[in-house]
Structures are given as C-alpha cells and as structure tokens.
Amino acid sequence: GDSVTQTEGLVTLTEGLPVMLNCTYQTAYSTFLFWYVQHLNEAPKLLLKSSTDNKRTEHQGFHATLHKSSSSFHLQKSSAQLSDSALYYCALNSGTYQRFGTGTKLQVVP
Amino acid sequence: NAGVIQTPRHKVTGKGQEATLWCEPISGHSAVFWYRQTIVQGLEFLTYFRNQAPIDDSGMPKERFSAQMPNQSHSTLKIQSTQPQDSAVYLCASRQSSYEQYFGPGTRLTVL
C-alpha cells in the first residue's frame, strides 16, 4: 500500500543554517506530494504541493522538488529562521484521502 | 471565512465514558475528513465524507468509533467507552478542490 516516510523525528538547527527535511514515499500511482506545517497550538496548513517530475515548487522561502526516480520530496530552505520552528508533515494523495508521514519537528535556535 | 470549526477544543473523559466531537466544515466544501494525531503515529486518517455521504471509513477502529454527517454544516465523531489509548488530538479537515485540505484546530481528548 501507499506510505510516506519521514526519518527524522526532531531536527535542531541554528538560525541562518540551511534546512532539509527528508520525505520518501511509496505508491503504485502517479500522485501529488504535499508539505504541511503546523505551528504550536495551530492547525496544519498546506505549505507546498508538488509539481511535475523534477520540477521545483516554492512557497514562503521553502522549496521542494519531486523526484520520482528516488521517490523523494525533500523540503528545503536556504536559511532557517526562528519562526520556522514547527511540526512539518509530508503527505501524498492516497485514493480518497491524504496519507501523512509521522512528522518532523523543526527546532530553530539562536 | 471562519475556517473549519471544532468543538470542544479540549475534552477530558473518564475511562468507559462516551465522547462526542463536533466539526463544522468551511461553507461550500463538499469533502470532510477526520484524522487522529499522536506523537508516535503522526496524522492518521480515520474517515471521509463527500456531500454528506460516508465514502471511506477504512481508518476507523471497528469498535467504539463512529462518525456521522447529518447535514452539510456539521459532522460528529463519537467514541464509545473511551480508553486511555484513545487520548489524542482529533482533527477535522474540509476540502473543495482536488487537493488542498483545510484543517480545524483540533479537539484534544484526554481519557483518564
């Protein structure tokens, strides 16, 4: 069946350093991948949606590229900010609903 | 647009009691989803309604959990005989387009 894997449970970074959160997936179908961000005590919100294979999508300083050859959709940002501290979920469309990974908590410190 | 509304925001029940969680989707959204959020499992799909009809409940525990959508403006998730392992944040989401889901703030259920 479909699955989404986020290997890092917690990533701690110093402000200003680059961000990379890993996401790999398994699916038998061509589908969209997503990144959602959830700040403390808030609802998850859509951050990025994948485009076509090997095409980069960007929003709010974050970017990700869907690589079907490696089944990956890693989230990146060139320079972390304190306000980026949040829980990040990778997800894919799986039939009728979106299937989520276990999430990566990003902690940005001064 | 008030977004997806969920009530209550926090609920504490004793073991064996019933809990009913409410969701009001965004007006005009035809799809409503329920998810359960825990630290260990992340966001787990529970059930999905489209135009009020139940479409997919493959994520619902077979016993004690039920969901309804009696009209287009609200859905309920009921947990009978709550157990400590049911403690989680229950999130409702609605969707109109083909992909973007809008989540509510969630109901934090604590079963003592």
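Analysis parameters
Residues numbered from 1 in each chain as written. Chains lettered and ligands numbered in written order. Predicted model: local features only at pLDDT ≥ 70, side-chain atom pairs only at ≥ 80, totals over all residues. Heavy atoms only, no water. Pairing = 2+ DSSP bridges. Helix = DSSP H or I, 4+ residues; strand = E, 2+ residues; numbered from the N terminus. Axes fitted to C-alpha atoms, helices over the stretch in contact; angles between N-to-C directions. Salt bridge = Lys/Arg side-chain N within 4 Å of Asp/Glu carboxyl O. Buried < 20%, exposed > 50% of the residue type's maximum accessible area, 1.4 Å probe, protein only.

> Tell me what's going on with the sheet that holds strand 7 (residues 56–59) of chain A, and back it up with residues and numbers.
Residues and elements named next belong to chain A. Across the sheet, which stays open at both edges, the four strands sit in the order 3-9-8-7 with antiparallel pairing between neighbours. Across the chains shown, the open sheet's two edge strands, defined by having one partner strand only, are strand 3 (19–21) and strand 7. Taking the axes of each pair of neighbouring strands and ignoring which way they run, one obtains an average angle of 20 degrees across the sheet. Pairing analysis gives three bridges linking strand 8 (residues 62–65) to strand 9 (residues 75–77), with the strands arranged antiparallel. The residue of strand 9 that forms the bridge with F62 is K77.

> Break down the pattern of salt bridges for me, citing the residues and quoting the values.
If you walk through the whole model with that rule in mind, you get four salt bridges over all chains. A salt bridge links E58 of chain A to R56 of chain A, with the shortest nitrogen-to-oxygen separation between them at 3.0 Å. Residue class for R56 of chain A comes out partly exposed when judged on its relative accessible area of 43%. Put simply, D86 of chain B and R64 of chain B hold a salt bridge, and the shortest N to O gap is 2.6 Å. Residue D86 of chain B is located in the loop between strand 8 (74–79) and strand 9 (88–95), and its partner R64 of chain B is located in the loop between strand 6 (53–56) and strand 7 (65–71); the two are separated by 22 residues in the primary sequence. Residue classification places D86 of chain B among the buried residues on the basis of a relative accessible area of 2%. Residue class for R64 of chain B comes out partly exposed when judged on its relative accessible area of 25%.

Scope: geometric values only; no functional claims are made or implied.
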